[in-house]
Each structure stands twice: as structure tokens, then as C-alpha cells.
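# Working through the structure, step by step
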Amino acid sequence: MSAKLSKPLALYLLTNPPSLFWIYKCASCRFFLPDQRKCQVVSEEGPPRPGEINPEDWCLFWLNREGDAPFSWISRVINGERDPWEVRP
Ligand code: SF4
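Right, let's walk through the structure included here. Worth saying up front: this structure is predicted, and the values here are computed from it rather than measured. (Residues numbered from 1 in each chain as written. Predicted model: local features only at pLDDT ≥ 70, side-chain atom pairs only at ≥ 80, totals over all residues.)

Residues in close proximity to the ligand total 14 residues, the closest being Cys26, Cys29, Cys39, Cys59 and Trp62. In terms of residue class, the shell around the ligand is built from 14 nonpolar, no polar and no charged. (Near = placed C-beta within 6 Å. Nonpolar A, V, L, I, M, F, W, Y, C, P; charged D, E, K, R; others polar.)

See the structure below:
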């Protein structure tokens with residue numbers, strides 16, 4: 001039994017809201033584990049996308065990474081980064 005929230009409970013969606021202060025997707029969320037395609041708080045089990053948390057998706061518990069400033073994604077876009085969050089070390 002998982003201690004994480006289920007995808008339906010977290011309102012996990014196969015999309016992300018329009019960018020404003022930040023780009024609101026799993027890739028830019030402090031809880032995302034990119035190497036594992038998992039999340040620290042939402043279970044990867046069950047639909048949609050059984051077995052993974054996708055960097056392009058979003059849920060109700062999205063939270064910006066520590067150290068990221070509001071609107072910082074805009075300068076990344078201007079600098080030509082294809083995905084201003086996933087290229088971040
Ligand atoms: S947006 Fe939700 S599912 Fe995605 S990494 Fe953040 S907390 Fe996890």
C-alpha cells in the first residue's frame with residue numbers, strides 16, 4: 001500500500017495550466033523525481049499514464065522549486081532553451 005496520494009485525488013491531469021509566474025508542469029515542480037519519472041507525493045500507479053509521472057503533466061499539489069524566482073521561465077525562453085525547466089541542472 002502506497003503512502004502517496006492517488007492521481008485522481010491529486011487531480012492529476014495530462015496537461016498543465018498556462019504559464020504565468022512559473023511554468024506549471026511536473027518538470028518544474030519541487031516534488032518531481034525526473035530520473036525515476038516519479039513524484040514524492042503523488043503515486044505513479046494507476047491511470048492516466050500507469051507507472052509514471054510525466055514531466056508535461058500537472059496536479060493540484062504543484063509547488064515551485066526552491067530558489068526559482070517568479071517569471072524566471074521567461075528569461076530561459078528568451079535565451080532559446082527548448083524547455084526552460086528540463087534543461088536546468
Ligand atoms: S505537479 Fe503534482 S504530480 Fe507533478 S511532480 Fe508536482 S506534486 Fe507531483
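Excluding glycine, most residues fall at negative phi; most peptide bonds, likewise, are trans. The omega torsion across Pro47 and Pro48 is -5°, close enough to zero to call that bond cis. Along the chain, the position of Pro48 falls in the loop between strand E2 (38-39) and helix H1 (72-78). Of note in the backbone geometry, Leu11 takes a positive phi value of approximately 55° without being a glycine. A tally of 12 C-beta atoms within 10 Å means that Leu11 is categorised as exposed. Although it is not a glycine, Arg49 sits at a positive phi angle of roughly 55°. On the neighbour-count criterion, Arg49 (15 C-beta atoms within 10 Å) is partly exposed. (Helix = DSSP H or I, 4+ residues; strand = E, 2+ residues; numbered from the N terminus. Buried ≥ 20, exposed ≤ 12 C-beta atoms within 10 Å, placed from the backbone.)

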